[in-house]
Amino acid sequence: MAAYLCPPAVIHGEHAVKTSEIVAEVRDRHPHAAWEPRIDGIAASTGIETRGWMLPLETAVAPGEGSGLRALGREPAQQALIRDGFAQQDVDRVIAALESIPAPQTVQERTAPAWEAVQAYGERAARGALQTAGLDASDVDCLITSHSTTPALPGLDMTLANRLQLRSDVMLLPATQWACIAGTRSLALAADLVAADPDRVVLVVISEALSTTYQPADDTLESLIVRLLFADTAVAAVVTGRPRSEAVLRLDAAWHHTLPGTQDLHRLETRADGTHFVMDRRGPRAVQETVTAMWEWLHARYQDDPDAWHPDVLLAHPGGTRVLEYMEQTMPDTWPPGLLDYSRDSYTSGNRGGAAVFDILRRAHDAGLQKPGNRAVLYAAAPGLTATALEGQWL
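Residues numbered from 1 in each chain as written. Predicted model: local features only at pLDDT ≥ 70, side-chain atom pairs only at ≥ 80, totals over all residues. Heavy atoms only, no water.

Along the backbone of the protein chain there are 13 helices and 14 strands. Compactness check: the protein chain gives a C-alpha radius of gyration of 23 Å against a globular reference of 21 Å for 395 residues, within 12% of the reference. Its C-alpha atoms give the protein chain principal-axis dimensions of about 85 × 50 × 35 Å. Expressed as a percentage of its 395 residues, the buried residues of the protein chain come to 54%. (Helix = DSSP H or I, 4+ residues; strand = E, 2+ residues; numbered from the N terminus. Rg over C-alpha atoms; globule rule 2.2 N^0.38 Å. Buried < 20%, exposed > 50% of the residue type's maximum accessible area, 1.4 Å probe, protein only.)

Shown next, in the form of structure tokens:
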């Protein structure tokens, strides 16, 4: 495989949103929810005190531009009331009351500003990654992009092709539905591309506004958890087929695993008021199955000497702390402790979805503790339910 990965650029959401602010907003909006007495404990259990969003909390909870009459219209409502025998005075009073009720934001009102932010953040990350790699936009041969939470056509690939002024012959590969797996799977694809042509330069850009899944009207427990978990981040990195002095990790092998019949576990749904992330409580157990399968893959790769091999760092995005705990519980006793420290550190400021693995890798790089030859495993799981892992060595 022998693909070379330069340090990623990571752009966090610039609007700091405190957990206490989310709890206050949800409690005020849903004072009679069944889970309201437990909200403080639920919030504390996430371990997240602040997360960065591309747009402020006020934008997510603001009403739409219309009123309670938006769907029907003022004139049809008046005619309907008159037909039912209401006096004009009563009709005017009812219409005024309906017009005073704020309507929820539409899909367009909620998504449009987030899409603008996703493009701007993605461009910043792309420029940062190229600068870190010591390359110019003209050096890019292939661009891989992902942005699952802001669907658009054309997508982020076309935005960056124009804003970065990429060459007209650059291969554009948008992968907008990879979601949480975008980090590892984009690197696996990039490694395949440079294996076919070692002179290729691949730029990977992932920009996710996960805060668009914050839906104020939802009163389910799952929706509360979604509000508390997600952060917005844009990341980018360069992958080459030839060694570069700027590269920090050599990718040697990739592994993919999909569980059949799990497509309903965790999913995005587009409704009248925007994008909803629907969680299923069976999800963590399904993710654990992919972790077990990944251990089997690693064991098979090093079956000649299984006791002597272990990763020196594990950069894992399994979607939550429960699966991180499972990963630790199922590691061989001979493996050293602390392999997931950078993953845990990343989670303290939110779940970054497809951008998470790049953020975790950046934290490991910045810590300066990895030595040349240290073995690294990158892992992520996503709705579907599907997982991708890569194995390589620190340079």
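Our next topic: the nonpolar core. Counting 40 residues, the largest nonpolar core has Ile144, Leu187, Val202, Val239, Leu249 and Leu378 as the members making the most contacts within it. Excluding its chain neighbours within four sequence positions, the residues that come into contact with Val202 are Cys142, Ile144, Ala190, Leu193, Val194, Ala237, Val238 and Val239. Within the second largest apolar cluster, 33 residues are counted, among which are Cys6, Ala9, Ala114 and Ala133. (Core = buried A, V, L, I, M, F, W, Y, C linked by side-chain atoms within 4.5 Å. Contact = heavy atoms within 4.5 Å.)

In total, this model carries 3 aromatic pairs according to the counting rule given. Aromatic pair Trp295 and Trp335: ring centres 5.3 Å apart, planes at 90 degrees, arrangement edge-to-face. Taken together, the positions of Trp295 in helix 10 (residues 283-301) and Trp335 in the loop between helix 11 (321-329) and helix 12 (341-347) put the pair 40 residues apart, joining distant regions of the chain. By the burial criterion, Trp295 is buried, and Trp335 matches it. Taking NZ or CZ as reference, Arg227 lies 5.2 Å from the ring centre of Tyr214, over its face. (Phe/Tyr/Trp six-rings, centres within 6.5 Å; stacked < 30°, edge-to-face > 60°. Lys NZ or Arg CZ within 6 Å of the ring centre and 35° of its normal.)

This paragraph deals with the pattern of salt bridges. Considering all chains together, one arrives at 17 salt bridges under this definition. Here the salt bridges do not stand alone but share partners, grouping Asp345, Arg352, Asp359 and Arg363 into one network. (Salt bridge = Lys/Arg side-chain N within 4 Å of Asp/Glu carboxyl O.)

Moving on to the packing of helix 4 (residues 74-83) against helix 5 (residues 88-99). Relative to each other, helix 4 and helix 5 sit at 140 degrees, their axes nearing to 10 Å. As judged from the angle between their axes, helix 4 and helix 5 are oblique. Taken as a pair, helix 4 and helix 5 cross one another with a handedness that is right-handed. Counted together, Arg74, Ala77, Gln78, Leu81 and Ile82 of helix 4 and Gln88, Val91, Asp92, Val94, Ile95 and Glu99 of helix 5 form the full contact between these two elements. A class-by-class count of the residues in the contact of helix 4 with helix 5 yields 6 nonpolar, 2 polar and 3 charged. (Axes fitted to C-alpha atoms, helices over the stretch in contact; angles between N-to-C directions. Parallel < 35°, antiparallel > 145°, perpendicular 65-115°, else oblique. Left-handed = near helix turned anticlockwise from the far one by under 90°. Nonpolar A, V, L, I, M, F, W, Y, C, P; charged D, E, K, R; others polar.)

With that settled, the discussion passes to the packing of helix 6 (residues 107-133) against helix 7 (residues 156-163). Where helix 6 contacts helix 7, the two axes come as close as 10 Å, and the packing angle between them is 55 degrees. With respect to their mutual orientation, helix 6 and helix 7 come out oblique. Viewed along their axes, helix 6 and helix 7 form a crossing whose handedness is right-handed. Between helix 6, through Trp115, Val118, Gln119, Ala120, Gly122, Glu123 and Arg127, and helix 7, the contact on the second element is made entirely by Leu156, Thr159, Leu160 and Arg163. Residue composition of the contact of helix 6 with helix 7, grouped by class: 5 nonpolar, 3 polar and 3 charged.

Mapping Leu324 onto the fold places it in helix 11. With residues near it in sequence (within four places) discarded, Leu324 still touches Ala316, Pro318, Leu340, Ser343, Arg344 and Tyr347.

In an α-helix there are 3.6 residues to a turn, and that puts residues three or four apart on one side. For helix 7, the full list of buried residues reads Leu156, Asp157, Thr159, Leu160 and Ala161. For helix 7, the elements touching its buried residues are helix 6, strand 5 (142-146), strand 6 (171-174) and strand 7 (201-208). The positive-phi residue at the C-terminal boundary of helix 7 is Gln165, with phi of around 55 degrees.

Turning to the state of the cysteines, a few remarks are in order. What is meant by a disulfide is a covalent connection between two cysteines, made through their sulfur atoms. One pass over the full model with this rule turns up 0 disulfides. For Cys6, which is in no disulfide, the shortest distance to another cysteine sulfur is to Cys142 and amounts to 15 Å. Of the residues examined, Cys6 reaches a relative accessible area of 0% and is grouped as buried. Classification of Cys142 as buried rests on a relative accessible area of 1%. (Disulfide = S-S within 2.5 Å.)

Burial runs high along strand 11 (residues 274-278): 5 of the 5 residues are buried. Pairing of strand 10 (residues 267-271) with strand 11 involves 5 bridges; the strand directions are antiparallel. If you follow Thr270 over to strand 11, its bridge partner there is Thr275. Connecting strand 10 to the antiparallel partner strand 11 that follows it, the hairpin turn spans 2 residues. (Pairing = 2+ DSSP bridges.)

Moving on: helix 10. Taking 1.5 Å of rise per residue, 19 residues should cover 27 Å, and helix 10 covers 28 Å from first to last C-alpha, within 8% of that figure. Along helix 10, the positions that sit buried rather than exposed are Gly283, Pro284, Ala286, Val287, Gln288, Thr290, Val291, Ala293, Met294, Trp295, Trp297 and Leu298. Buried residues along helix 10 sit against strand 9 (249-258), strand 12 (313-317), helix 11, strand 13 (375-382) and strand 14 (386-394). (Expected span 1.5 Å × (residues − 1).)

What follows is about the side chain of His147. For His147, the position within the fold is in the loop between strand 5 and helix 7. Within the structure, His147 has its side chain in polar contact with the backbone oxygen of Thr150 (distance 2.9 Å). Residues in contact with His147, not counting those within four places in the same chain, are Trp115, Val118, Ala152, Gly155, Leu156, Thr176, Ser207 and Glu208. (Polar contact = N/O pair within 3.5 Å; in protein donor to acceptor, adjacent residues only side chain to side chain.)

Here the focus is unusual backbone geometry. Residue Pro154 is reached from Leu153 by a cis peptide bond, and omega for that bond is 0 degrees. Its location among the elements puts Pro154 in the loop between strand 5 and helix 7. Phi is positive for Gln165, which is not a glycine, with a value near 55 degrees. Along the chain, the position of Gln165 falls in the loop between helix 7 and strand 6. Of note, the phi angle at Ala179 is positive, near 55 degrees, even though the residue is not glycine. Along the chain, Ala179 falls in the loop between strand 6 and helix 8 (182-196).

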